[in-house]
Amino acid sequence: MYSAFEKQPQEKKELIINVAIEEFVKNGYDKASTDIITSRAGISKGILFHYFKSKKNLYLYVVTYALKLIIEKTMEALKGVSSPDFFARVKEIYLLKHKITGPYIKETQLISDAILSPPAAVQKEMEEVANTYYSKYQEDFMLEHIYLRELIQTDRLREGITADKVIKMTMFICEQLGNKYQTLYKNKQYDFFSEPDPLVQELEDYLQIIEYGVYR
């Protein structure tokens, strides 16, 4: 669908993508102006629609681009996580999120807005994108890359507590905490990108409670 655009020089593509992301983040899908995008990108409106056919396709393209970029950066960063402790690793990975999004704040904001509050014009498509994303990065992925069973000190576990229970409890707490702050972000009551400390501090408190409760 985007073959004409993909054939363009990389520098030109990146300019159009970056300008479009900035416009969608600043004004939202409905109020975003293709006139502003084409003016800032130095192309005609006819060329833009030759590349993407519609504003809707342009939006879906840049959201997918941003999502792939953040996933790629996240996977790269995960390779550098070396904490030998289960709970320290979970916290370290959550802190990584802020480091990763730092250079890509607009891309991350675009993804968050598109998934948490999808514009009506692209709601169906964004639901499909979100379902694909969540199905790929659910429990199996988490167990392989984040909640590593081998880092749990099984010899220190209290009677009746297993590594599986520790993992499930930790995953549940992290999931609920993430849902809480996603709702706050959606309602414009919290912005992780500018103030990550409340989330990180609350996560650390819960991880300490779990750690002290499961180890003797």
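Above this note sits the structure.
Reading the values: the criteria
- Residues numbered from 1 in each chain as written.
- Predicted model: local features only at pLDDT ≥ 70, side-chain atom pairs only at ≥ 80, totals over all residues.
- Heavy atoms only, no water.
- Core = buried A, V, L, I, M, F, W, Y, C linked by side-chain atoms within 4.5 Å.
- Buried < 20%, exposed > 50% of the residue type's maximum accessible area, 1.4 Å probe, protein only.
- Helix = DSSP H or I, 4+ residues; strand = E, 2+ residues; numbered from the N terminus.
- Contact = heavy atoms within 4.5 Å.
- Polar contact = N/O pair within 3.5 Å; in protein donor to acceptor, adjacent residues only side chain to side chain.
- Phe/Tyr/Trp six-rings, centres within 6.5 Å; stacked < 30°, edge-to-face > 60°.
- Lys NZ or Arg CZ within 6 Å of the ring centre and 35° of its normal.
- Axes fitted to C-alpha atoms, helices over the stretch in contact; angles between N-to-C directions.
- Parallel < 35°, antiparallel > 145°, perpendicular 65-115°, else oblique.
- Left-handed = near helix turned anticlockwise from the far one by under 90°.
- Nonpolar A, V, L, I, M, F, W, Y, C, P; charged D, E, K, R; others polar.

Points about the nonpolar core
By size, the foremost hydrophobic cluster in this structure holds 65 residues, and its most contacted members are F24, F52, V62 and L110. Top contributing element to this core by residue count: helix α5 (residues 55–78), with twelve residues. Other than its neighbours up to four places away in sequence, F52 contacts Y2, F5, I16, N57, L58 and Y61.

Notes on the environment of K45
Here K45 is to be found in helix α4 (residues 45–52). Its relative accessible area of 37% is what places K45 among the partly exposed residues. Each C-alpha atom of the pair K45 and S117 lies 27 Å from the other, and the pair is 72 residues apart in sequence. Excluding residues within four positions of it along the chain, K45 makes contact with T34, D35 and T38. Among the polar contacts made by the side chain of K45, one reaches the side chain of D35 at a distance of 3.3 Å.

A look at the packing of aromatic side chains
All told, the structure shown has 13 aromatic pairs when counted by the stated rule. Look at F5 and Y61: their rings are 5.3 Å apart centre to centre, the planes differ by 85 degrees, and that puts the pair in the edge-to-face class. You can see F5 sitting in helix α1 (residues 3–6) and its partner Y61 sitting in helix α5, a full 56 residues away along the chain. The residues F5 and Y61 share a single accessibility class, namely buried. Ring plane angle 85 degrees and centroid distance 4.9 Å describe the contact between F24 and Y59, whose orientation is recorded as edge-to-face. Remark: Y59 occurs in helix α5 and F24 occurs in helix α2 (residues 10–31); sequence separation between them is 35 residues. Here F24 falls in the buried class, since its relative accessible area comes to 4%. Judged by its relative accessible area of 3%, Y59 is buried. Its guanidinium or amino end placed over the ring of Y29, K55 lies 5.0 Å from that ring's centre, counting from NZ or CZ. Stacked on the ring of Y215, the Lys or Arg R156 has its end atom at 4.3 Å from the ring centre.

Topic: the side chain of T38
Within the secondary structure, T38 is located in helix α3 (residues 34–41). At 2.9 Å, the side chain of T38 forms a polar contact with the backbone oxygen of D35. Among all residues touching T38, those that are not within four sequence positions of it are I43, S44, K45 and L48.

Here's the deal with the environment of L207
Position of L207 among the secondary structure elements: in helix α11 (residues 197–214). Along the primary structure L207 and K91 are separated by 116 residues, whereas in three dimensions their C-alpha atoms are 8.1 Å apart. Beyond its immediate stretch of four places on either side in the chain, L207 contacts F87, V90, K91 and T170.

Comments concerning the packing of α2 against α5
Remark: α2 packs on α5, axes separated minimally by 10 Å, with the N-to-C direction vectors making an angle of 110 degrees. The angle between α2 and α5 falls in the class roughly perpendicular. Of the two elements, α2 crosses α5, and the hand of that crossing is left-handed. Contact residues: I17, A20, I21, F24, Y29 and D30 in α2; K55, K56, L58, Y59, Y61, V62 and Y65 in α5. Per-class residue counts for the contact of α2 with α5 are ten nonpolar, no polar and three charged.

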